[in-house]
Amino acid sequence: QVQVVQSGGGSVQLGASLRLSCVASGTFRMHKVCWVLRTPEKEREFVAAIWWNPSTTVYADSVKGQFTISRDGAGNAVYLQMNDLEPEDTAVYYCATGLISTVSVRTAREYQYWGQGTKVTVSS
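About the thresholds
Residues numbered from 1 in each chain as written. Predicted model: local features only at pLDDT ≥ 70, side-chain atom pairs only at ≥ 80, totals over all residues. Heavy atoms only, no water. Disulfide = S-S within 2.5 Å. Helix = DSSP H or I, 4+ residues; strand = E, 2+ residues; numbered from the N terminus. Buried < 20%, exposed > 50% of the residue type's maximum accessible area, 1.4 Å probe, protein only. Core = buried A, V, L, I, M, F, W, Y, C linked by side-chain atoms within 4.5 Å. Contact = heavy atoms within 4.5 Å. Phe/Tyr/Trp six-rings, centres within 6.5 Å; stacked < 30°, edge-to-face > 60°. Lys NZ or Arg CZ within 6 Å of the ring centre and 35° of its normal. Pairing = 2+ DSSP bridges. Axes fitted to C-alpha atoms, helices over the stretch in contact; angles between N-to-C directions.

### Brief notes about the state of the cysteines
What we call a disulfide is simply a covalent bond connecting the sulfur atoms of a pair of cysteines.
At step 1: Throughout the structure, instances matching the rule amount to one disulfide.
At step 2: Across a sulfur-sulfur distance of 1.9 Å, cysteine 22 and cysteine 95 are joined as a disulfide pair. In this structure, the disulfide formed by cysteine 22 and cysteine 95 twists by about -75° around the S-S bond and is classed as left-handed. With a gap of 73 residues between them, cysteine 22 in strand E3 (residues 18–24) and cysteine 95 in strand E9 (residues 91–98) connect regions that are remote in the sequence. Cysteine 95 shares its class with cysteine 22; the two are buried.
At step 3: With no disulfide of its own, cysteine 34 lies 7.0 Å from the sulfur of cysteine 95, the closest cysteine sulfur.
At step 4: Taking the relative accessible area as the measure of exposure, cysteine 34 reaches 0% and is therefore buried.

So, in structure tokens, the structure goes:
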């Protein structure tokens, strides 16, 4: 069992930046880790994923160049740096992890362990 705890988020103005953090009870090194967002219109939309062997990052087209997923060297934390935020980025963001295949990394329902979610609100 992996426990996932998120931090970060909040309410910001248009163009601001935020960094979300995701920490596992153990280590993420054997798992893939993703960020997913949820809005009233989007149940669980893939944002980005990262894994260690080999070191790989994957992004949704909508956030490429705007968001950056990264991890610490020890494999205990994963971050989502969000820049140039827009009201359309307003959502609840979830960190999720699991032992899943590479072909499934963009499929949110494949991830077994989820953080509590963190709200990001961007106002214009």
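That shown, we press on.
### What to know about the nonpolar core
At step 1: Trp35, Val47, Val78, Leu80, Met82 and Tyr93 are the most contacted members of the largest nonpolar core, which totals 40 residues.
At step 2: Elements with a minimum of two residues in this core: E3, strand E4 (32–38), strand E5 (45–51), strand E6 (56–59), strand E7 (67–71), strand E8 (77–82), E9 and strand E11 (118–123).
At step 3: No other element matches E5, which puts six residues into this core.
At step 4: What tyrosine 93 contacts, discounting residues up to four positions off in sequence, is Gln6, Leu20, Trp35, Val36, Leu37, Val47, Phe67, Leu80, Met82, Gly117, Thr118 and Val120.

### Things to note about the packing of aromatic side chains
Two aromatic rings, taken as a pair, are described by how far apart their centres are and by the angle between their planes.
At step 1: Going through the model one piece at a time under the given rule, you end up with two aromatic pairs.
At step 2: Their ring planes at 75° and their centres at 6.1 Å tell us that tyrosine 94 and tryptophan 114 sit as a pair that is edge-to-face. Note that tyrosine 94 is positioned in strand E9 and tryptophan 114 in strand E10 (residues 113–114), a separation of 20 residues in sequence.
At step 3: Overall, tyrosine 94 belongs to the buried group, its relative accessible area being 15%.
At step 4: With relative accessibility at 25%, the residue tryptophan 114 sits in the partly exposed group.
At step 5: Arginine 19 extends its terminal NZ or CZ atom over the ring of tyrosine 79, reaching a point 4.1 Å from the ring centre.
At step 6: Against the face of tryptophan 51 rests lysine 32, its NZ or CZ located 5.3 Å from the ring centre.

### Things to note about the side chain of threonine 39
At step 1: Mapping threonine 39 onto the fold places it in the loop between E4 and E5.
At step 2: Not counting chain neighbours up to four residues away, the residues in contact with threonine 39 comprise Thr90 and Ala91.

### So, the sheet that holds E7
At step 1: Strand order in this open sheet of four strands is E1-E3-E8-E7, and the pairing throughout is antiparallel. Looking at which strands have only one partner, the edges of the open sheet turn out to be strand E1 (4–7) and E7. Pairwise comparison of adjacent strand axes, ignoring direction, gives a mean angle of 15° for this sheet.

### Let's talk about the pairing of E4
On a regular strand, each side chain points to the face opposite its neighbour's, so the side chains alternate between the two faces of the sheet.
At step 1: Burial analysis of E4 places six of its seven residues in the buried class, the great majority of the element.
At step 2: Both E4 and E9 contribute to a ladder of seven bridges, which runs antiparallel. Across the sheet, arginine 38 pairs through a bridge with valine 92, a residue of E9.
At step 3: Counted between consecutive antiparallel strands, the loop separating E4 from E5 contains six residues.

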